[in-house]
Amino acid sequence: MKKKIFTLLILMCVIFTIVTFFESTIQLILGQQTDGNVHILNRMSYSFIGALSISLVRSINMKHSFFDILVSYIITAPLMILSVYITSLYMFMPNTAYRDALFFFTLVFFIMGFLIVRKKKREV
């Protein structure tokens, strides 16, 4: 159990680092030189949800691999929506915030899920 939690935290840190790097690079290109602490904490919560979803896809072993991905998505997508909702309580969110968050989460989730399931099949 400790190893799974440690792996989850390491994965979250890796995702957080990659996302922060790319987002910071884009912000600098667009001329924005500062990033608020709230955005950094939001990015960390999104990274945690992403790491959790990857861990779930890796650990769930159902008869059909599509269900490995689907069950993980059903668990983590509401967490992403909840995270956006909590953010909207203390800062302005555009009208498309939920749609955008769910779209990008879904896109990345299913790509990563497919790659993980494919790797799991190769190992068997």
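Heads up: the structure comes first, above all this text.
Keep in mind the model is a prediction, meaning the values are calculated, not measured.

How each quantity is defined
- Residues numbered from 1 in each chain as written.
- Predicted model: local features only at pLDDT ≥ 70, side-chain atom pairs only at ≥ 80, totals over all residues.
- Heavy atoms only, no water.
- Core = buried A, V, L, I, M, F, W, Y, C linked by side-chain atoms within 4.5 Å.
- Buried < 20%, exposed > 50% of the residue type's maximum accessible area, 1.4 Å probe, protein only.
- Helix = DSSP H or I, 4+ residues; strand = E, 2+ residues; numbered from the N terminus.
- Contact = heavy atoms within 4.5 Å.
- Axes fitted to C-alpha atoms, helices over the stretch in contact; angles between N-to-C directions.
- Parallel < 35°, antiparallel > 145°, perpendicular 65-115°, else oblique.
- Left-handed = near helix turned anticlockwise from the far one by under 90°.
- Nonpolar A, V, L, I, M, F, W, Y, C, P; charged D, E, K, R; others polar.
- Patch = residues over 30% accessible without salt bridge, like charges linked within 9 Å, V, L, I, M, F, W, Y side chains within 5 Å.
- Areas by Shrake-Rupley, 256 points an atom, 1.4 Å probe, with all protein chains shown as cover.
- Salt bridge = Lys/Arg side-chain N within 4 Å of Asp/Glu carboxyl O.
- Phe/Tyr/Trp six-rings, centres within 6.5 Å; stacked < 30°, edge-to-face > 60°.

Moving on, we come to the nonpolar core. Within the largest apolar cluster, 18 residues are counted, with the highest numbers of intra-cluster contacts made by Ala51, Val57, Ile69, Tyr73, Phe105 and Phe109. Listed by contribution, the elements that provide at least two residues to this core are helix H1 (2-29), helix H2 (37-59), helix H3 (65-90) and helix H4 (97-123). When sequence neighbours within four positions are dropped, the list of residues in contact with valine 57 reads Asp68, Ile69, Ser72, Phe109, Gly113, Ile116, Val117 and Lys120.

Pairs of packed helices are described in terms of their axes, by the angle between the two and the distance that separates them. It is the contact of H3 with H4, at a shortest axis distance of 9 Å, that shows an interaxial angle of 150°. Looking at the two axes, H3 sits roughly antiparallel to H4. The handedness of the crossing between H3 and H4 is right-handed. Class assignment for the residues of the contact of H3 with H4 results in 16 nonpolar, six polar and three charged.

A word on a nonpolar patch on the surface. On the surface, a cluster of nonpolar side chains totalling about 800 Å² of accessible area is made up of Val38, Leu79, Ile81, Leu82, Tyr85, Ile86, Leu89, Tyr90 and Tyr98. For the nonpolar patch, the leading source of residues is H3, giving seven residues. Within the secondary structure, isoleucine 81 is located in helix H3.

Their axes nearest at 8 Å, the elements H1 and H2 cross at an angle of 130°. Classed by the angle they form, the pair H1 and H2 counts as oblique. As H1 runs across H2, the sense of the crossing is right-handed. Where H1 approaches H2, its residues Leu8, Leu11, Met12, Ile15, Phe16, Val19, Thr20 and Glu23 are matched on the opposing element by Ile40, Arg43, Met44, Ser47, Phe48, Gly50, Ala51, Leu52, Ile54 and Ser55. In terms of residue class, the contact of H1 with H2 is made up of twelve nonpolar, four polar and two charged.

With that settled, consider the packing of aromatic side chains. Applying the stated criterion across every chain, the model contains eight aromatic pairs. Ring centres of tyrosine 73 and phenylalanine 105 lie 6.0 Å apart, and the angle between their planes is 25°; on these two criteria the pair is classed as stacked. Pair noted here: tyrosine 73 is in helix H3 and phenylalanine 105 is in helix H4, with a separation of 32 residues, a long-range link. Exposure remark for phenylalanine 105: the relative accessible area of 8% places this residue in the buried category. Relative to phenylalanine 109, the ring of phenylalanine 105 has its centre 5.6 Å away and its plane inclined at 35°; by these criteria the two rings are tilted. With phenylalanine 105 and phenylalanine 109 both in helix H4, this residue pair falls four residues apart, about one helical turn. For phenylalanine 109, a relative accessible area of 4% puts it in the buried group. Ring-pair connections join several aromatic residues into one group, and the members of that group are Tyr73, Phe105, Phe109 and Phe110.

Honestly, it's all geometry; don't read function into it.
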